[in-house]
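As a plain string of letters, each chain reads:
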Amino acid sequence: MLAPLIARLLSRLPSQCAVCRAWPSQTLCEDCVLQLAAPRPRCQTCAIALPAGTRRCGACLLDPPALDSCFAAVSYGFPWSRCLHEFKFGQQPGWARPLAGLMQQDPAWEALSERVDLLLPMPLSAQRLCERGYNQAAELARQLSPERCHGTLLLRLRDTPAQSTLPRSGRLRNLRGALAVDPLQAPSLRHRRVLLIDDVMTTGASLEAAALALRAAGAREVHGAVLARTENAVG
Ligand SMILES: [Zn+2]
Ligand SMILES: [Zn+2]
């Protein structure tokens, strides 16, 4: 029982900023967050960065996605790509707290968070979860809102191959049947406003497939929120 207490005490000790090495500091210092994670205008439905004054990108205007809205805290790139790599592949789930903090410092987060009833992390397949030992999206969701986070409602039935080179229709076909709602828990989705949480959004195809499955199960609204959005994807 001592371990959580010790972890909590350690987390309160001053440490070094993981980006600029300033000391003493939180894991991410205030200057780095202000300079490198400043909110920028993004497409309402796919969160790609846009010029100021624009609400939706051309791809979303032509072919509106299944998400009601999409939020991204930062663009995928220095230094966040390195932090995310450590979080995801470096056995460092402790990154969830400072990275969730990056999402929460964006003024757009509060309005979105107030709007939704449930936070659903994008699931990993059982095999991937077993290899990694934790789901980074679930760790983020738990930090963002522990009381509204449901980690078992959405299921990933199988892994899908990397698909950034496929066109949108191909990506969705590739994902068909890979994401499903747990039938026993489906009634708890009816008429609810749901927020999907993921660490990185590249093409958006996984979020789109999840949104379709959740809508089919009766969710009233489905929004997406990611820490980082790549800016060179199509759609
Ligand atoms: Zn710093
Ligand atoms: Zn868009």
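Data block above holds the structure.
A quick note: this is a predicted structure, and the numbers were derived from the prediction, not measured. (Residues numbered from 1 in each chain as written. Chains lettered and ligands numbered in written order. Predicted model: local features only at pLDDT ≥ 70, side-chain atom pairs only at ≥ 80, totals over all residues.)

**Quick notes on the overall build of the protein chain**
In terms of helices and strands, the protein chain carries 10 helices and six strands. Here the protein chain has a C-alpha radius of gyration of 18 Å; the compact-globule value for 235 residues is 18 Å, and the two agree. With respect to the principal axes defined by its C-alpha atoms, the protein chain has extents near 50 × 45 × 35 Å. Within the protein chain, the proportion of its 235 residues that are buried is 36%. When contacts within the protein chain are restricted to residue pairs at least 6 apart in sequence, those whose partners lie at least 24 apart make up 71%. (Helix = DSSP H or I, 4+ residues; strand = E, 2+ residues; numbered from the N terminus. Rg over C-alpha atoms; globule rule 2.2 N^0.38 Å. Buried ≥ 20, exposed ≤ 12 C-beta atoms within 10 Å, placed from the backbone. Contact = placed C-beta atoms within 7 Å.)

**Some details on the sheet that holds strand β1 (residues 69–75)**
Strand order in the open sheet formed by four strands is β1-β6-β5-β2, with parallel pairing between adjacent strands. Strand pairing shows two members of the sheet lacking a second neighbour, β1 and β2 (118–121), which therefore form its edges. Each strand of the sheet is rotated relative to its neighbour by a mean of 20°, with strand direction disregarded. Where β2 lies against strand β5 (residues 193–201), four bridges are found, and the strand directions are parallel. Following the sheet pairing, L119 is matched in β5 by L195. (Pairing = 2+ DSSP bridges. Axes fitted to C-alpha atoms, helices over the stretch in contact; angles between N-to-C directions.)

**A look at unusual backbone geometry**
Cis geometry marks the peptide bond from W23 to P24, where omega comes out at -5°. With respect to the helices and strands, P24 occurs in the loop between α1 (2–12) and α2 (30–36). In the Ramachandran plot, A47 falls in the positive-phi region, its phi being about 65° despite a non-glycine side chain. For A47, the location among the structural elements is in the loop between α2 and α3 (58–62). One non-glycine residue with positive phi stands out, namely Q91, at about 55°. Mapped onto the elements, Q91 comes out in the loop between α4 (80–89) and α5 (96–104).

**Comments concerning the nonpolar core**
Membership of the largest hydrophobic core comes to 58 residues, with the highest contact counts inside it found for L196, I197, A210, L214 and L227. Sequence-distant contacts of L214, that is, excluding residues within four places in its chain, are made with V181, L189, V194, A219 and V222. (Core = buried A, V, L, I, M, F, W, Y, C linked by C-beta atoms within 7 Å.)

**Things to note about α5**
Among the residues of α5, those classed as buried are A96, L99, A100, L102 and M103. The buried residues of α5 occupy an angular sector of 150° when the element is viewed end-on, so they sit on one face. Structurally, α5 contributes buried residues whose contacts are with α2, β1, α4, α6 (107–115), α8 (136–144) and β6 (221–229). (Arc of directions from axis to C-beta.)

**Some thoughts on α4**
Those residues of α4 lying buried are W80, C83, L84 and F87. Taken around the axis of α4, the buried residues stretch over an arc of 95°, which confines them to a single face. Exposed residues on α4 whose side chains face more than 90 degrees from its buried face are H85 and F89. Those residues of α4 that are buried are in contact with β1, α5, α8, β5 and β6. Positive backbone phi, approximately 55°, marks Q91, located one or two places after α4.

**What about the environment of S169?**
Position of S169 relative to the elements: it lies in helix α9 (residues 168–175). Sequence separation between S169 and A205 is 36 residues; the distance between their C-alpha atoms is 9.2 Å.

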